[in-house]
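In case you want the letters, here they are:
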Amino acid sequence: MSISRAIGVISGLNECVNLFQWAGSSISYLRSRWSATQEESIHHEVLHLQSGLQRLRDTLPAMYSLIDKAEWRIHEGRVAELLPNLKDAVNDADDLLDEFRWHELKMEVEGNASHSAFIDFYKTTVQGSFNKVNDIQERLNSISGQLEKMGLYGVTPGFDKSVRPDTTPFPNEKKIFGRDKDLKEVMGFLGVPQSKGRACSKRKRASSTVNASTSTTAQNQVNKSRISAIPVLPIVGMGGVGKTTLAQHICNHQEVKEYFDLIIWICADDFDVKRLIKDAIQSASGKKTTLDHLASLQHALSSSVSNKRFLIVVDDVWDDALMENEQRWKDFYDSLTNVVQGSMMLVTTRFPDVADRVRTMEPFPLAGLKEDVFWRFFKLCAFGSESCENDPELVRIGKSIVPKLKGSPLAAKTLGRLLGMNLHTAHWNNILESELWKLKQEKTDILPALRLSYIYLPFHLKRCFSFCAVYAKDHKFEKGRLAEIWVAEGFVEPQGNTPLEDIGHQYFEDLVNRSFFQKVRGTYVIHDLLHDMAKLVSDHDCFTIKSMRDFQMVPQNVRHLYILPSRDLSTSNLLSLSKHTKLRTLICDKSFGNQGAAIMDRWCSELQRLRVIFWASSNELPDSIGNLKHLRYLEISKACPSKSFSSAFCSLYNLQRLYVKECELESLPCDFSKLISLQRFKSRGFEYYAGCTLNIDATNQFEMKLIKNLNQFDGHMNIRNLGSVRNCYAEEFKLKDKKYLRRLALTWSLSYSPEGVAKEVLQVLQPPSGLESLLLKDYPDVSLPNWFQLRINLNEMPAVIVDNNNDEIGTLSSFEELIILQCRNLRSVQQLLHPAYVPAIKKLRVVDCNQLESLPTERFGDFHSLEILEVHGCPEIDSRSLVAHSLKKLLLASSHLTDNIQCCSLTEFYLSCDYVTTIKPQMWNLPALQKLHIAYCISLTSVAQGQPPIRAFESLTLLIIDNCENLTSLDGLLAEQCLPAIRSVDVRNCGKLQFLFGERPGSFPYLEDLWVRDCPSLKWPRELVLPSSLEKLHLVRCGDISSWFLSCLQNLKSLVDLALIGCPSITSIPPGACRSNLASLRDLHISGCPDLVSIGGAKAVAKIKYVCIYDCPKMEDLKQPVSRCTDMLSITLRPSPSCSFPDQL
């Protein structure tokens, strides 16, 4: 078992080096106050302290492992005595190391500004001759030494037979209460014929090979037919509910014994496959086996049951059966293959996940007994009879006890035994008023039985579940909140880069799958009996105060405390809790009124180990809250009048969660950014969490004031309505100080603002150097501000520019994306878009900037990381060439940049321009281009006319020409010498297009898809021969194809998909074309062909998988419509499957 999370909270110690290096400088700093002898002595003590902390750090994992092993032996008295002491010492060690971590965080935040960090820690740890580190280490050594003598080291955890004894098929009780219906249902699922003409119950099975119905006359005859694997029916329910008892009564039922030739019972108290198979062989044959090889054992068991219809019961299966990737279960299950039909396996388990994994039939859930039946059973357990007359007062008390037991038969036996020992009302009332977990119980009673489920949990889940005992019964748990608290408590083990909260969520789901939580109407609760068990295993750690008398029972070293609202709680009672100085969790649902400030101040002053605080209300947070070095989670649930926090609050360097959802904060203290661990913060009308996108209205001064000092902001920020603010207000955002800001979107309102104001606003909104993405929208000024304060020539730009204050502000070194949208007055972007400013830019989008003139596209080659460029709606750009060697995707729309394009790495190019008349690809150098999409060029008349000839696009595989309504010819482009690697051609909605391939169409040896749609003016050459590589051919309203179509069919041996839509000139398709020439055809769509008379009848298309033929009025040999196309959309709506160009790149 991994215990690596045991040191999760101290993983930042760096071998205890950082702070101790600083300690040396602290000693030097204070040297003048000491003599040489004192300085040498302090140096020695510092080294001793460093060594002690490192030793303590190294010891903790072994101590957590020891705690885990000790819990398996908790039934032993001496172990039970030592375990709380061991936990207490480990928690003390953890707290001390966590305090050291706080001082390291302080050093990280404040740097060398203060020499007090180490000195403060030293003073709290070493007090004269007493060294806290040594004291804790000695306690750990002493306790672990005693446990070692008891044999806890080097032992694999496992259950003692005294706490988990073997079961047998013989029931302890002759009568089973309230289970008649369950018994009959399970027998039916096992295939046992029912008496009195009852039909067999049926249950959904994963395997349909079993037919359990057997006629009455053939009941005693063995059916020799076989099935490949035995069906498995699990009975699942919580411990003590009666699963084993039900299985025992099934095995001893006369009809079951008559139906099955053999009944085998094995107890899976630990899932040792070989032992289980040996037990099964002995049960089947009556003889022990000496075999020990797994394969031999499997064969022997198979032989023992080979000619018998048998029932095998595997009782009390735990999740160790699923270990080794379920191989243990598979090895056991594989022993029972090729069995006689009617054979069955019945499995009992308390784990739903086990039931779901081993089942071949739906599991049978076993719940508690119904109320009336349970009362009868309870009376039998308590009074020795269910029908005799009993003391009315005892009956009344008994009926008050029964609801606590939730229908659990084992709980009834446990309480019945305790009550039956003394039939006096005082004794019964004492038990009624006592918590179940406080009552002394035998090893086989209900809570020890349920505790087995807890002990079997992985160590990290034990800590998480036992913590839940601090909450009252019927508490409604929220997965997200509980996971956050587990993280704050240090219970969650890091797993690579996965967020700890996500791991905590998985822990919660693991506990749900093990039935420790039950989902009820959208929330989760813990079953009352499991809650009692949680109280039992955490009785020294967790306590819940319900009334004033509970204050006297709080354990001295309690770690987690919950105060429920009660009228009789006095101020003195609450103040008295400050003596429990080891508290880590304080949840108080009671409002304090006028005394709240004094109570909180005392708690924050004395309870300095608190990690989680939940207060119902607070007038204000006391300055003493700054003492809580370990605090990670703080929540105030109700409204409070406080408008801000004190500066002392900013020393909570470990704080991760701050929830004051009903507090109307107006500002945050100037040092709020020192809360470097803060991941989530909520107040009324405001929420921040790491990685969030924060949408801010610049006119909302409330949001602006909260953002001002939230400099640990880590995420994305969208600020809108900037047109309504002046620079003095915008400066309040302090964006430059938010070094973890990743993406920034700035949007101006369309309202009028005076000239130059927007530029001043943007100037003070300078982002941090770590910004990755910037979006400017509706910016109304003509130029951008000079964020970089240039003092030198652009051509002599150094790598880093420094301003007059020696602050490094020269580059946005992590900047990858710039988006400029609808900045209609902007004329130049050179103030920002220069390789020296944004050396890592990868994506640039400039859209609808009508007046933009200066965009230095001819120098984009200096952007060595630029991969995506979109220029759309910028007709005034004066540049006529584009040079960008690293560019991979390009979208040009309404731009003159088409004249000269030199992009040697470009793979995708989308071009759309409503005023360009001619495109000259011979002026492009695009050797890597794979996809070219020309669309909505409504003035375009030709492509590639003139000299020099087009150089080959050697990598181009996809060409799309779309909605170019005045285009007349593609013959200069769509030629084999230009497109030697073309695989897909899609031409659509080009109404005047006359020539597609030209007079001499090439062979295009790699062409697979040809889509021509709504090009009615096309003139096809008679000699056109399509390549045999063609797999998809769609011809939709594309002129007269009759001169070449039929002859081409003979060559299309690879054609899979053919569509003819709106082709009036086609009169027939030869009968053999589909059956022989088009042998690979899978999809055929023909519609809107008014002259088509014949395609060869139904036989011609009989072997084609998908056929859709309609609206061909002259067709005589096939009745229409023909529709065999369940997975095809209308062919007219289907896009080219190879087209992957987005609307914008």
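Given the structure is predicted, the values throughout are model-derived calculations rather than measurements.

Trainee: Where do I start with the overall build of the chain in this structure?
Mentor: Helices and strands together make up the secondary structure of the chain, namely 29 helices and 42 strands. The buried share among the 1145 residues of the chain stands at 54%. A separation threshold of at least 6 residues defines the contact pool for the chain, and within that pool the share at least 24 residues apart is 65%. On the chain, roughly 48,900 Å² of surface is accessible, and the fraction owed to carbon and sulfur atoms is 47%.

Trainee: Teacher, can you tell me more about the sheet that holds strand β32 (residues 924-925) here?
Mentor: Sheets are built from strands that pair by backbone hydrogen bonding, the pairs being arranged parallel or antiparallel. Ordered in space as β27-β29-β32, the three strands form an open sheet in which the pairing is parallel. Where the open sheet ends on each side, the last strands, each with one partner, are β27 (881-883) and β32. By the bridge criterion, two bridges tie strand β29 (residues 900-902) to β32 in an arrangement that is parallel. By the bridge assignment for β32, I901 is matched with W924.

Trainee: Looking at this model, I keep getting lost on the packing of aromatic side chains. Mind explaining?
Mentor: Where two aromatic rings form a pair, the distance of their centres and the angle of their planes describe that pair. As enumerated under the stated definition, the model contains 34 aromatic pairs in all. Taken together, a centroid distance of 5.0 Å and an interplanar angle of 70° make the contact between W748 and Y779 edge-to-face. In this pair, W748 is assigned in the loop between β22 (741-747) and α26 (757-764) and Y779 in the loop between β23 (773-777) and β24 (817-821), connecting sequence segments 31 residues apart. Each member of the pair, W748 as well as Y779, carries the same accessibility label: buried.

Trainee: Quick question: what am I supposed to make of the side chain of S304 here?
Mentor: Of note, S304 is situated in helix α10 (residues 294-304). Once you skip the residues sitting within four places of it in the chain, S304 turns out to touch I281 and A284.

Trainee: Mind showing me how you'd approach the sheet that holds strand β6 (residues 310-317) here?
Mentor: Spatial ordering of the open sheet is given by β5-β6-β8-β4-β9, a layout of five strands whose pairing is parallel. At either end of the open sheet lies a strand with only one pairing partner, and these are β5 (262-267) and β9 (364-365). Across the face of the sheet, helix α9 (residues 273-285) comes into contact with β5 and β6 while running at roughly 150° to β5.

Trainee: For this particular structure, what's the right way to read helix α24 (residues 701-708)?
Mentor: Since one α-helical turn is 3.6 residues long, residues separated by three or four positions face the same way. Residues of α24 that are buried: E703, M704, L706 and I707. End-on view of α24: buried residues confined to an arc of 165°, all on one side of the axis. For α24, the side-chain oxygen to backbone nitrogen distance between the N-cap and F702 is 3.0 Å, and the N-cap itself is N700.

Trainee: Is there a simple way to think about the packing of helix α13 (residues 371-383) against helix α15 (residues 409-420) in this case?
Mentor: What describes two packed helices is the angle between their axes and the distance between those same axes. The geometry of α13 relative to α15 is characterised by a closest axis approach of 7 Å and an angle of 35° between their N-to-C directions. In this structure, α13 crosses over α15, and the sense of that crossing is right-handed. Seen from α13, the contacting residues are F374, F377, F378, C381 and A382; seen from α15, they are P409, A412, K413, L415, G416, R417, L419 and G420. Residues belonging to the contact of α13 with α15 are distributed by class as follows: nine nonpolar, two polar and two charged.

Trainee: Would you mind showing me how to read the environment of K379 here?
Mentor: With respect to the helices and strands, the residue K379 is situated in helix α13. Sequence-wise, K379 and G420 are 41 residues apart; in three dimensions their C-alpha atoms are separated by 9.7 Å.

Trainee: Explanation requested: the pairing of strand β20 (residues 692-697) in the structure shown.
Mentor: Each regular strand shows side chains that alternate between the opposite faces of the sheet. As defined by bridge partners, β20 adjoins strand β21 (residues 715-720) across six bridges and the pair is classed as parallel. Pairing of T693 across the sheet is with H716, part of β21. Between the parallel pair β20 and β21, the chain is carried across by α24, and the sense of this crossover is right-handed.

Trainee: Looking at this structure, I do not really get the packing of helix α3 (residues 77-110) against helix α5 (residues 132-149). What am I missing?
Mentor: Between α3 and α5, whose axes approach to 9 Å, the crossing angle comes to 155°. Looking at the two axes, α3 sits roughly antiparallel to α5. The handedness of the crossing between α3 and α5 comes out as left-handed. On α5, the residues touching R78, L82, N85, L86, D88, A89, V90, D92, A93 and L96 of α3 are K132, V133, I136, R139, L140, I143, Q146 and L147. Looking at side-chain class alone, the contact of α3 with α5 contains eleven nonpolar, two polar and five charged residues.

Trainee: Whenever I open this one, the pattern of salt bridges confuses me. Can you help?
Mentor: Per the counting criterion, the structure on display carries 58 salt bridges. When the shortest N-O distance is used, the salt bridge between E816 and K842 registers 4.0 Å. Taken together, the positions of E816 in the loop between β23 and β24 and K842 in the loop between β24 and β25 (843-847) put the pair 26 residues apart, joining distant regions of the chain. In this structure, R988 engages D986 in a salt bridge whose closest nitrogen and oxygen atoms are separated by 3.5 Å.

Trainee: Got a minute to help me understand the nonpolar core in this structure?
Mentor: The nonpolar side chains of a soluble globular protein tend to be buried with one another. Formed by 182 residues in total, the largest nonpolar core has its most connected members in W603, F649, F909 and W1020. In this structure, L60, Y64, A449 and I503 belong to the second largest nonpolar core, which totals 163 residues.

Trainee: Honestly, a negative patch on the surface in this entry has me stumped. Any pointers?
Mentor: A cluster of acidic side chains, namely E853, E858, E876 and D878, defines a negative patch on the protein surface. Tracing the sequence through the fold places D878 in the loop between β26 (868-872) and β27.

Trainee: Where do I start with helix α18 (residues 459-467) in this structure?
Mentor: Most of α18 is tucked away: nine of the nine residues are buried. Among all positions of α18, only F459, H460, L461, K462, R463, C464, F465, S466 and F467 are buried.

Trainee: Would you mind going over the environment of L575 with me for this structure?
Mentor: Inspection of the secondary structure assignment puts L575 in helix α22 (residues 571-576). Owing to a relative accessible area of 19%, L575 belongs among the buried residues under this scheme. Each C-alpha atom, one on L575 and one on D601, is 9.7 Å from the other, the two residues being 26 residues apart in sequence. Ignoring anything within four residues of it in the chain, the contact list for L575 reads A598, I599, R602 and W603.

Trainee: How should unusual backbone geometry be read in this particular structure?
Mentor: Glycine aside, residues mostly have negative phi angles, and peptide bonds mostly take the trans form. The linkage connecting Q1120 with the following residue, P1121, adopts the cis geometry, with an omega of -5°. Despite not being glycine, N963 shows a phi value in the positive range, around 55°. Mapping N963 onto the fold places it in the loop between β35 (958-962) and β36 (984-988). Despite not being glycine, D1111 shows a phi value in the positive range, around 55°. Considering the arrangement of structural elements, one finds D1111 in the loop between β41 (1106-1110) and β42 (1122-1124).

Trainee: Would you take a moment to explain the confidence of the model for the chain for this structure?
Mentor: One rule of thumb: low pLDDT means the predicted coordinates there are not for detailed reading. When pLDDT is averaged along the chain, the result is 83, and 85% of the positions lie at 70 or above. Long-range and interchain partners of residues 205-223, a stretch whose pLDDT sits below 50, account for 32 contacts in this model, where long-range means more than four residues apart. Ignoring residues within four places in sequence, the model shows residues 1126-1145, a span with pLDDT below 50, making 52 contacts including any to other chains.

Calculation criteria
Residues numbered from 1 in each chain as written. Predicted model: local features only at pLDDT ≥ 70, side-chain atom pairs only at ≥ 80, totals over all residues. Heavy atoms only, no water. Helix = DSSP H or I, 4+ residues; strand = E, 2+ residues; numbered from the N terminus. Buried < 20%, exposed > 50% of the residue type's maximum accessible area, 1.4 Å probe, protein only. Contact = heavy atoms within 4.5 Å. Areas by Shrake-Rupley, 256 points an atom, 1.4 Å probe, with all protein chains shown as cover. Pairing = 2+ DSSP bridges. Phe/Tyr/Trp six-rings, centres within 6.5 Å; stacked < 30°, edge-to-face > 60°. Axes fitted to C-alpha atoms, helices over the stretch in contact; angles between N-to-C directions. Arc of directions from axis to C-beta. Polar contact = N/O pair within 3.5 Å; in protein donor to acceptor, adjacent residues only side chain to side chain. Left-handed = near helix turned anticlockwise from the far one by under 90°. Nonpolar A, V, L, I, M, F, W, Y, C, P; charged D, E, K, R; others polar. Right-handed = clockwise from strand over helix to strand, strands pointing away. Parallel < 35°, antiparallel > 145°, perpendicular 65-115°, else oblique. Salt bridge = Lys/Arg side-chain N within 4 Å of Asp/Glu carboxyl O. Core = buried A, V, L, I, M, F, W, Y, C linked by side-chain atoms within 4.5 Å. Patch = residues over 30% accessible without salt bridge, like charges linked within 9 Å, V, L, I, M, F, W, Y side chains within 5 Å. Lys, Arg positive; Asp, Glu negative; His and termini not counted. Charge placed at Lys NZ, Arg CZ, Asp CG, Glu CD. pLDDT = per-residue confidence, 0-100.

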